[in-house]
Amino acid sequence: MQAFISGIVPLSTTEWFGKLSAVIFFGGCDFRCRYCYNPEMLESRQEFLTDLKVITSEIKKHEDMIESVIFSGGEPCLQRMALITLAKHFKSKELKVGIDTNGSKPNVIRELLSLELLDFISLDIKSPFSNDVFSRVTNSKTFFTKTEEIMDGIKETINVLRKYHENVELEIKTVIVPSLVYKKEDLLEIARLIDGLNCIWVLQQFENEKELVDKNMENIQPASEKFLENLKEFCLKEYPGLRVKIR
Ligand code: SF4
């Protein structure tokens, strides 16, 4: 079997914080987030086509050192069969398996969880579910798919996680981007959505040092640490049960 794989990082501690993991980057994504710093991974390019055996033998070289394998991208859930096949393979090697996802494919997440193939999920909630903000951040609407349907998919993923999260470490990530996602009321709306989930909510600093999907974003300065701290405190006042980290 082949898959669109845009790269492998054999040893990383950043994808699953504190764990030494191999990271497999899937090529192709259904979003075009304006601040995305992996623009070269967003298309399913022919040159990314790779036999899964090549991937597994590459990871095998580092199996003794790593605790886990993380699927990232791009959006891994767009390649369901390859994802499930690889997850089964790595679980059979007694490695932990994680995924970094935008949440648009709840059925794939549900299937992976029901097959007990995931130990860690990092779910991006990129904006509150308001048509205007979400479509400005993600550029995900197409001729065939409305913004409402995409947001419904992510809401469904959150519902799936409420059911299955017990044996899975869950991280929700929101990138704080001045001019896009930075308003207290928007963050409060996300806090409301995830309240009660057994998760860590990461407020992530926007980075403008790499090539971004939207070149105009490269001129936007990240918010200060203090600004992020204030957002965190504001949300915790309303939702004291949340566990929030700044990264
Ligand atoms: S940041 Fe957005 S566009 Fe980039 S890979 Fe993630 S979901 Fe896709």
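Our subject is the structure that appears above.
Rules behind the numbers
Residues numbered from 1 in each chain as written. Predicted model: local features only at pLDDT ≥ 70, side-chain atom pairs only at ≥ 80, totals over all residues. Heavy atoms only, no water. Helix = DSSP H or I, 4+ residues; strand = E, 2+ residues; numbered from the N terminus. Rg over C-alpha atoms; globule rule 2.2 N^0.38 Å. Buried < 20%, exposed > 50% of the residue type's maximum accessible area, 1.4 Å probe, protein only. Contact = heavy atoms within 4.5 Å. Areas by Shrake-Rupley, 256 points an atom, 1.4 Å probe, with all protein chains shown as cover. Salt bridge = Lys/Arg side-chain N within 4 Å of Asp/Glu carboxyl O. Core = buried A, V, L, I, M, F, W, Y, C linked by side-chain atoms within 4.5 Å. Near = heavy atom within 4 Å. Nonpolar A, V, L, I, M, F, W, Y, C, P; charged D, E, K, R; others polar. Axes fitted to C-alpha atoms, helices over the stretch in contact; angles between N-to-C directions. Parallel < 35°, antiparallel > 145°, perpendicular 65-115°, else oblique. Left-handed = near helix turned anticlockwise from the far one by under 90°. Expected span 1.5 Å × (residues − 1).

Asker: I tried to follow the overall build of the protein on my own but got confused; where do I start?
Answerer: Summing up its helical and strand segments, the protein has seven helices and nine strands in all. For 247 residues, the compact-globule estimate of 2.2 N^0.38 gives 18 Å, and the protein sits close to it at 18 Å. Projected onto the principal axes, the alpha-carbon positions of the protein cover approximately 45 × 35 × 35 Å. Evaluated residue by residue, the protein yields a buried proportion of 52% over its 247 residues. Counting contacts in the protein only where the partners sit at least 6 residues apart, residues at least 24 apart contribute 71% of the total. Per element, the accessible surface of the protein, about 11,900 Å² overall, is 49% carbon and sulfur.

Asker: Whenever I open this one, the pattern of salt bridges confuses me. Can you help?
Answerer: Any two side chains of opposite charge can pair if their charged atoms end up close together. Within this structure, the stated rule accounts for 17 salt bridges. The partner of lysine 173 in a salt bridge is aspartate 100, and the shortest N-O contact between them spans 3.4 Å. With lysine 173 in strand 7 (residues 169–176) and aspartate 100 in strand 5 (residues 96–101), this pair connects stretches of sequence that are 73 residues apart. Each member of the pair lysine 173 and aspartate 100 is classed as buried. With its nearest N and O atoms 3.3 Å apart, the salt bridge here joins glutamate 211 to lysine 215.

Asker: I would appreciate a short explanation of the nonpolar core in the present structure.
Answerer: Considering soluble globular proteins, one finds that nonpolar side chains tend to be buried as a cluster. Formed by 75 residues in total, the largest nonpolar core has its most connected members in Phe71, Ile121 and Trp201. Once you skip the residues sitting within four places of it in the chain, tryptophan 201 turns out to touch Ile172, Thr174, Leu187, Ile190, Ala191, Ile194, Cys235, Leu242, Arg243, Val244 and Lys245.

Asker: What am I meant to see in the site of the ligand here?
Answerer: Close contacts around the ligand come from Cys29, Phe31, Arg32, Cys33, Cys36, Leu42, Gly74, Asn102 and Lys126, and that covers them all. Of the residues belonging to the shell around the ligand, the class tally is five nonpolar, two polar and two charged.

Asker: What should I look at first to understand unusual backbone geometry in this one?
Answerer: Across the chain, the bulk of peptide bonds are trans and the bulk of non-glycine residues have phi less than zero. Here the residue pair glycine 73 and glycine 74 is connected by a cis peptide bond, since its omega of 20° sits within 30 degrees of zero. Its place among the elements puts glycine 74 in the loop between strand 4 (68–73) and helix 2 (80–92). A positive phi angle, close to 50°, is found at asparagine 139, a residue other than glycine. Along the chain, asparagine 139 turns up in the loop between helix 4 (131–138) and helix 5 (147–164).

Asker: Even after reading the chapter, I still don't get the packing of helix 6 (residues 184–194) against helix 7 (residues 225–238), so can you show me in this structure?
Answerer: Packed helix pairs are characterised by how far apart their axes lie and by the angle those axes make with each other. Look at helix 6 against helix 7: their axes get within 10 Å of each other, and the N-to-C directions meet at 50°. The angle between helix 6 and helix 7 places the two elements in the oblique class. Seen along the crossing, helix 6 lies across helix 7 with a hand that is right-handed. Side by side, helix 6 and helix 7 meet where Lys184, Leu187, Leu188 and Ala191 of the first sit next to Leu231, Phe234, Cys235 and Glu238 of the second. A breakdown of the residues in the contact of helix 6 with helix 7 according to their chemical character gives six nonpolar, no polar and two charged.

Asker: I'm lost on the side chain of glutamine 204 in this one. Help?
Answerer: Of note, glutamine 204 is situated in strand 8 (residues 200–205). Beyond its immediate sequence surroundings of up to four residues, glutamine 204 is in contact with Tyr37, Lys173, Thr174, Val175, Ile176, Leu228 and Arg247.

Asker: How do you make sense of helix 7 when you look at a structure like this?
Answerer: In an α-helix, one turn spans 3.6 residues; hence positions three or four apart end up facing the same way. In this model, helix 7 (14 residues) spans 21 Å end to end at C-alpha, consistent with the 20 Å of a helix rising 1.5 Å per residue. Summarising the contacts, the buried residues of helix 7 are in contact with strand 7, helix 6, strand 8 and strand 9 (243–246).

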